[in-house]
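Structural features, examined
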Amino acid sequence: MRVRTFLHIPHEGWLIVAGLVLCVWLAVHEQHWLIGASLSAVILFGLGYFYDSDRILCSVPLAVVAPVDGTVTSVELVRDEFLDRNALRFRIKPAALGAYSLRAPIEGKLREPRSEHVDTSTHVSWIQSDEGDDVLIAAGRGGLLGQRPCLVPVGERVGHGRRCGLRRLARYIDVYIDESSRAKVCPGQSVRAGTDVLAILKRKPAEEEAIA
């Protein structure tokens with residue numbers, strides 16, 4: 001399952017644009033030309049803000065791809081309180097006019113984060129691959145209007161680099177992966193959702209997986 005678009009704009013974007021078009025019609029009907037012109041400019045900006053073109057997706061094995069268009073602000077080893085583990089965290093500042101849709105960093109199923117001792121202003125989606133790799137996407141500071149980054153229901157599958165949610169007004173997007181992974185980006189680097197690789201997962205040897 002994935003988020004769909006019409007003319008490269010998500011349905012949520014069309015609802016907002018339609019509301020603005022109605023406001024422009026009312027302003028023109030009442031001969032408020034300046035207001036109508038201003039709202040028309042807002043509509044043009046809105047179309048650019050919500051626009052999300054198709055792109056060639058990454059096909060690198062074990063790659064964790066960027067979920068949003070933006071700039072990497074930090075890459076650091078932290079404590080992942082959501083899954084109670086040490087993890088490599090990539091923090092991305094979304095581009096103002098980047099793709100509005102959020103894309104899945106890996107292929108797998110959506111699971112429910114199990115920790116309750118976390119910042120309530122952070123909304124999290126947990127994707128687990130068939131091989132047991134865990135990747136978390138966290139959007140902080142209430143930028144998702146109270147919703148998880150991935151709009152796919154828990155238990156449903158998402159495709160590698162495929163649309164699975166919306167970034168909305170999130171100030172930043174964090175991606176948590178296993179600490180043994182090999183980072184492929186550095187702070188200050190620009191990334192494109194679904195295309196650019198953040199890191200390469202390290203596959204455990206067969207004997208280690210059997211013990212685990």
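An account of the accompanying structure is given in this report. (Residues numbered from 1 in each chain as written. Predicted model: local features only at pLDDT ≥ 70, side-chain atom pairs only at ≥ 80, totals over all residues. Heavy atoms only, no water.)

1. Quick look at the environment of Ala 104
Here is the rule we go by: Numbering of helices and strands starts at the N terminus; helices are DSSP runs of H or I of at least 4 residues and strands are runs of E of at least 2. Contacts between residues were defined by any pair of non-hydrogen atoms, one from each residue, lying within 4.5 Å.
Along the chain, the position of Ala 104 falls in the loop between strand 6 (101-103) and strand 7 (108-111). Put simply, Ala 104 and Gly 165 are 61 residues apart on the chain and 8.3 Å apart in space, counted from C-alpha to C-alpha. Not counting the four nearest positions on each side in its chain, Ala 104 is found in contact with Val 65, Ile 127, Val 158, Gly 159, His 160, Gly 161, Arg 162 and Cys 164.

2. Some points on the packing of aromatic side chains
Let me state the cut-off plainly: Here a pair means two rings of Phe, Tyr or Trp (six-membered ring of Trp) with centres within 6.5 Å. Their orientation is stacked below 30 degrees between planes, edge-to-face above 60, and tilted elsewhere. By definition here, charges over rings are those cases where NZ of Lys or CZ of Arg is within 6 Å of the ring centre and within 35 degrees of the ring normal.
Here the structure, examined in full by the defined rule, presents one aromatic pair. Cation over ring: Arg 91 sits above Tyr 172, and NZ or CZ is 4.0 Å from the ring centre.

3. Section: the side chain of Ser 125
Just so we agree on the cut-off: Per-residue accessibility, obtained with a 1.4 Å probe over protein chains only, is compared with the maximum for each type, and a residue is labelled buried under 20%, exposed over 50%, and partly exposed between these values. For this analysis, a polar contact is any N or O atom pair within 3.5 Å, provided that within protein one partner can donate a hydrogen and the other can accept it, and provided that sequence-adjacent residues contribute only side-chain to side-chain pairs.
Examined against the element boundaries, Ser 125 turns out to sit in strand 8 (residues 123-128). You can call Ser 125 buried: its relative accessible area is 1%. Of note is the side chain of Ser 125, whose polar atom sits 2.9 Å from the backbone nitrogen of Cys 150. The residues contacting Ser 125, other than those within four sequence positions of it, are Leu 110, Val 135, Leu 136, Ile 137, Arg 148, Pro 149 and Cys 150.

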